[in-house]
Amino acid sequence: LAALDAAGRTGATAATTRFALTRVQLRGKDGAVVGTDGKQLLVHRGFVFPWADDVLVARSGVFGVLGGLAPGPVGVGRTGASVWVAAGPWAVAVAVDPKGRFPDVVEVVPRSGAEATTLTVHPADADALRAALPTLPGVDEPNRPVTLDLGGRVVVRAAGDNRARPAEFVLARSRVDGRAVRVGCDRRHLAHALGLGFRVLRVTAPDQPVACPDGARTFVFMPLTADAVVEPAAGATRVRPPKPAAGRAGKSAPAGPGGPKSTPPPPAAARPPGGGGLVEEAVAVRDVLRATLGRLRAVIAGARRQRRQDRVVRSTLASLEQLKTRGG
C-alpha cells in the first residue's frame, strides 16, 4: 500500500501526449511498482504479482488511507479491466489502462557500480532541510532551483535575483564520500526524496540523474542545467536550522515507506549580516521577507491540496462503507 501510494504521488498530475505518466506501472517480471513524472522516478521492487506482463493502473489516494485502516497482508488480483487490491475487510478496484505507454525506467537508473559522490543525510538534517527548503530564495522560479554543494561540508545553496548574495543551509551532521561536486536540482524533488525516507544520494556527474538507493526502493531525479548551479559567495546568508516545536523535542516520526508523516517545525528566518550598514541590512530584510512569502505560499498551496485530498478520502470511505455493507 505504501508503494502504491508513493508511486502515485511521484507520477505526473497532468496527462501528457507521449507517455501515460499519470499512471502507476505494476511490472510482472520483476515485481516492481513504478511511478514517474518524467523528471523524478520511484521504483519499488520485491513484490509478486499474478501476471507476467506490465500493467498500467490509475493512481489513487485511497492506498495511503488503507495503509492506516488495514495494516497487514495485502492481496492483489486482476480482472480484464481492473486490478483489485485487498487489505483487511476492504477491496479496491483500480482501472487498467490497456493502451497507455510507459517509459523504459531501467535505462534511467544509474548503475550502482559507477564511481559516484555519495551524500548520507543525517535524519535530523533531513527534517530540518525539508522545513527550510520552502524558505530559501528562488521558490517562485519555474524549477525552484537549489544547489547541492558536496565538498568539505554539505551545503544547500539558493539564490533569487541577487545571485551575489545567496542563502546557504548547512547540513552539519551529514557526510559526503567521494570527490567534491556541485549539482543543481528542483527543491521539490529533493524534498520528495527526503519525505519518502531516502537518506542516501549518489551523484555520478552534475549532468547525470541523481540516484537515491534504499534496499528494494530506488528514487531518481534529474538535475538542472549547469547555469542553475549557484557558486559560493563571500556575502552568503546563513539560514539557521529550524527549532523543534515546544513539547516535541527529541520526538520524530519514522521516515520509511508507510511511516507516519511528521509535521515539520516552523522554519527560522535567515540571519541578517552583522555590522554591514543600512544597505546590507535592507537587503537582508528583503531576503527574509521573500523567504517568508515563499513559505506562506507553500503553506496555502498545501492547505488547498489537503482540502482536496480530504474530500477524496471522505468520498472513498463512504463508498467503501457501502461496499462493506452490501458484501456483509
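In case you missed it, the structure is sitting above this.
Residues numbered from 1 in each chain as written. Predicted model: local features only at pLDDT ≥ 70, side-chain atom pairs only at ≥ 80, totals over all residues. Heavy atoms only, no water.

Asks: Could you give me a rundown of the packing of aromatic side chains, with the residues and numbers involved?
Replies: Taken as a whole and judged by the stated rule, the model has four aromatic pairs. Summarising the aromatic geometry, the rings of F49 and W51 are spaced 5.1 Å apart at their centres and angled 0° between planes, so their arrangement reads as stacked. Seen in terms of ring centroids, F219 and F221 are 6.2 Å apart; in terms of plane orientation they differ by 45°. Their pairing is tilted. Residue F219 shares its accessibility class with F221, and that shared class is buried. An aromatic cluster is present here, built from F47, F49 and W51 joined pairwise through their rings. Across the ring face of W51, the terminal group of R78 is positioned such that the distance to the ring centre comes to 5.8 Å. Between the NZ or CZ atom of R217 and the centre of the ring of F198, over which it lies, the distance is 4.1 Å. (Phe/Tyr/Trp six-rings, centres within 6.5 Å; stacked < 30°, edge-to-face > 60°. Buried < 20%, exposed > 50% of the residue type's maximum accessible area, 1.4 Å probe, protein only. Lys NZ or Arg CZ within 6 Å of the ring centre and 35° of its normal.)

Asks: Outline the nonpolar core, supporting the account with residue identities and numerical values.
Replies: In this structure, L190 and L201 are the most contacted members of the largest nonpolar core, which totals 35 residues. For this core, the element with the highest residue contribution is helix α3 (residues 123-132), accounting for four residues. Excluding anything up to four places from it in sequence, L190 contacts L129, L133, V146, L148, C185 and L201. By size, the runner-up hydrophobic cluster in this structure holds 22 residues, among which are F49, A70, V85 and V92. (Core = buried A, V, L, I, M, F, W, Y, C linked by side-chain atoms within 4.5 Å. Helix = DSSP H or I, 4+ residues; strand = E, 2+ residues; numbered from the N terminus. Contact = heavy atoms within 4.5 Å.)

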